[in-house]
Amino acid sequence: MKFTKMQGIGNDYVYVNCLKEKVEDPCAVAKKVSDRHFGIGSDGLILIKPSETADFEMDMYNSDGSQGAMCGNGIRCVAKYVYDYGLTDKTSIRISTKSGIKYLDLQVENGKVKSVRVDMGAPILNAGQIPIVSEHPQVLDEPITVDGQVYHMTGVSMGNPHAVVYLEDVDGLDIEKIGPGFEHHPCFPDRVNTEFVKVLDDHTVQMRVWERGAGETLACGTGACAVAVSSILNGKVNGEKPVTVKLLGGDLEIFWDREKNTVFMTGPAEVVFDGEIDLA
C-alpha cells in the first residue's frame, strides 16, 4: 500500500489515495500503521476517496481502529494532498466527512499549499446532540467529578464531542492519568475529546488535548474550534476577533462568526514523507 505521512501542527496521520489504492479493512490497517514502534507511526489513518456530493471524501480512523467523524488538522492535510499531488487545481474545494461537507480555501505558495482555511460549520451546543448526559439543555461551566476531583466543563460538538475544562496550569497536568477518566465517564455515551485550557489573554489560550481513541496528541483542530467557542461563551476571550489557540504542536487561528454561526479554522499542513508498506 502506497501512503503519504502528513501532519498539521504535529497531529500526524497516514494518508492513502483511494482513487488508486484499495484498503480492505481500514480499522485493522489504522491500528497497524499507527503503531510508532512496529508501524509507520501516526495518530491514525485517513483515506482520500471520490465523492458524489463533494470534490473528495475524507474517511478517518483513530489509532485504536475506531472510526472518527471529523478531524480539523486532518482535513487541512487532505486539501494539501489533493492539490499538491495533482488531484485538483482548484483553490476552493469541498470535502465530504462523516459530519457533513466542509468548505476549504487553500493558500498556495510556489505551487504548493502553505495553509488552509476551513469552514468548520456551526458548533453544536445542545447537550443531547453532542452527546452529553445532563439535566440542562446546554452544558456551560457544569461541574463534573472525575476520579474524585471536581472540574467544570463546557460541552461543544464540532461534528465530534468535546468537553472543555479550564485550569490554572496545563503544563504540569498529568493528562495520561486524567484523560481516560473523562473519555470513559458515563455522562459521555460516545466517549469524548477533552481539552484542558489555560487563558493567556483576551484573544489567546493554551490547550492540551486528550482525544478519544488516540490519547494525548500534539494538536486537535476540532478541539481548538470547541475551545474558541467555549471561551467566547464563558466570557474568557473577546469574541469579536480571532482566537489564537496554542497547542503542543503549534498555533491555530479560530474565528467564530456569530452572525453566520460558523467557525473558521486556519492553520498549516505539511508532508512528512511518502512510502509503501506491506500489509500482509
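Check the entry above for the structure.
For clarity, every value in this text was computed on a predicted model and none was experimentally measured.

### Considering the overall build of the protein chain
So, step 1. Looking only at helices and strands, the protein chain has 4 helices and 18 strands in total.
So, step 2. Its C-alpha radius of gyration of 18 Å places the protein chain within 12% of the 19 Å reference for a compact globule of 280 residues.
So, step 3. For the protein chain, the spread of C-alpha atoms along the principal axes amounts to about 50 × 40 × 35 Å.
So, step 4. Per-residue burial for the protein chain yields a buried fraction of 55% across its 280 residues.
So, step 5. Intrachain contacts of the protein chain at a sequence separation of at least 6 include 62% that bridge at least 24 residues.

### Some words on the nonpolar core
One recurring pattern in soluble globular proteins is that nonpolar side chains are buried together.
So, step 1. With 54 residues, the main nonpolar core has Leu104, Met207 and Ile254 as its most contacted residues.
So, step 2. If we skip the residues at most four places from it in the chain, Leu104 touches Ile75, Ala79, Thr91, Ser92, Ile93, Ile95, Val116, Arg117 and Val118.
So, step 3. Core analysis: the second largest hydrophobic core is formed by 20 residues, Val146, Val170, Ile175 and Phe188 among them.

### Topic: the pairing of strand 8 (residues 112-119)
Along any regular strand the residues' side chains alternate between the sheet's two faces.
So, step 1. The pairing of strand 7 (residues 100-109) with strand 8 spans 7 bridges and is antiparallel. Across the sheet, the residue bridging to Glu109 is Lys112, located in strand 8.
So, step 2. The turn linking strand 7 back onto strand 8 is made up of 2 residues, and Asn110 within it adopts a positive phi angle of 55 degrees.
So, step 3. As paired strands, strand 8 and strand 17 (residues 262-268) are joined by 5 bridges and run antiparallel to one another. Bridge pairing in strand 17 places Arg117 opposite Thr266.

### Considering the packing of aromatic side chains
So, step 1. Applying the stated rule across the entire model yields 5 aromatic pairs.
So, step 2. Aromatic pair Phe3 and Phe273: ring centres 6.0 Å apart, planes at 80 degrees, arrangement edge-to-face. A residue pair is termed long-range when its members are at least 10 positions apart, and Phe3 in strand 1 (residues 2-8) and Phe273 in strand 18 (residues 270-276) qualify at 270 residues.
So, step 3. Residue classification places Phe273 among the partly exposed positions, given a relative accessible area of 35%.
So, step 4. Taken together through their ring pairs, the aromatic side chains of Tyr151, Phe182 and Phe196 make up a single cluster.
So, step 5. Directly above the aromatic system of Phe264 lies the positively charged group of Arg117, at a separation of 3.9 Å from the ring centroid.
So, step 6. In this arrangement the basic side chain of Arg258 is found over the ring face of Trp256, its NZ or CZ atom lying 4.1 Å from the centre.

### Overview of the environment of Pro26
So, step 1. Take Pro26: it is sitting in helix 1 (residues 26-34).
So, step 2. Taking the relative accessible area as the measure of exposure, Pro26 reaches 15% and is therefore buried.
So, step 3. Between the alpha carbons of Pro26 and Asp84 there is a distance of 24 Å; along the sequence they are 58 residues apart.
So, step 4. With residues near it in sequence (within four places) discarded, Pro26 still touches Leu45, Leu47 and Tyr61.

### Section: the side chain of Arg208
So, step 1. You can see Arg208 is positioned in strand 13 (residues 204-211).
So, step 2. Given a relative accessible area of 11%, Arg208 falls into the buried group.
So, step 3. A polar side-chain atom of Arg208 sits 2.8 Å from the main-chain carbonyl oxygen of Val170.
So, step 4. A polar atom in the side chain of Arg208 sits 3.3 Å from the backbone oxygen of Asp171.

### Looking at helix 2 (residues 72-84)
So, step 1. Taking 1.5 Å as the rise per residue, helix 2 with 13 residues should run 18 Å; its terminal C-alpha atoms sit 19 Å apart, in good agreement.
So, step 2. Counting buried residues along helix 2, 13 of its 13 residues qualify, which places the element largely inside the surrounding structure.
So, step 3. With its phi angle positive at about 75 degrees, Gly86 sits one or two positions after the end of helix 2.

Cut-off values and rules
- Residues numbered from 1 in each chain as written.
- Predicted model: local features only at pLDDT ≥ 70, side-chain atom pairs only at ≥ 80, totals over all residues.
- Heavy atoms only, no water.
- Helix = DSSP H or I, 4+ residues; strand = E, 2+ residues; numbered from the N terminus.
- Rg over C-alpha atoms; globule rule 2.2 N^0.38 Å.
- Buried < 20%, exposed > 50% of the residue type's maximum accessible area, 1.4 Å probe, protein only.
- Contact = heavy atoms within 4.5 Å.
- Core = buried A, V, L, I, M, F, W, Y, C linked by side-chain atoms within 4.5 Å.
- Pairing = 2+ DSSP bridges.
- Phe/Tyr/Trp six-rings, centres within 6.5 Å; stacked < 30°, edge-to-face > 60°.
- Lys NZ or Arg CZ within 6 Å of the ring centre and 35° of its normal.
- Polar contact = N/O pair within 3.5 Å; in protein donor to acceptor, adjacent residues only side chain to side chain.
- Expected span 1.5 Å × (residues − 1).

Without other data, these values stay purely geometric and don't point to any function.
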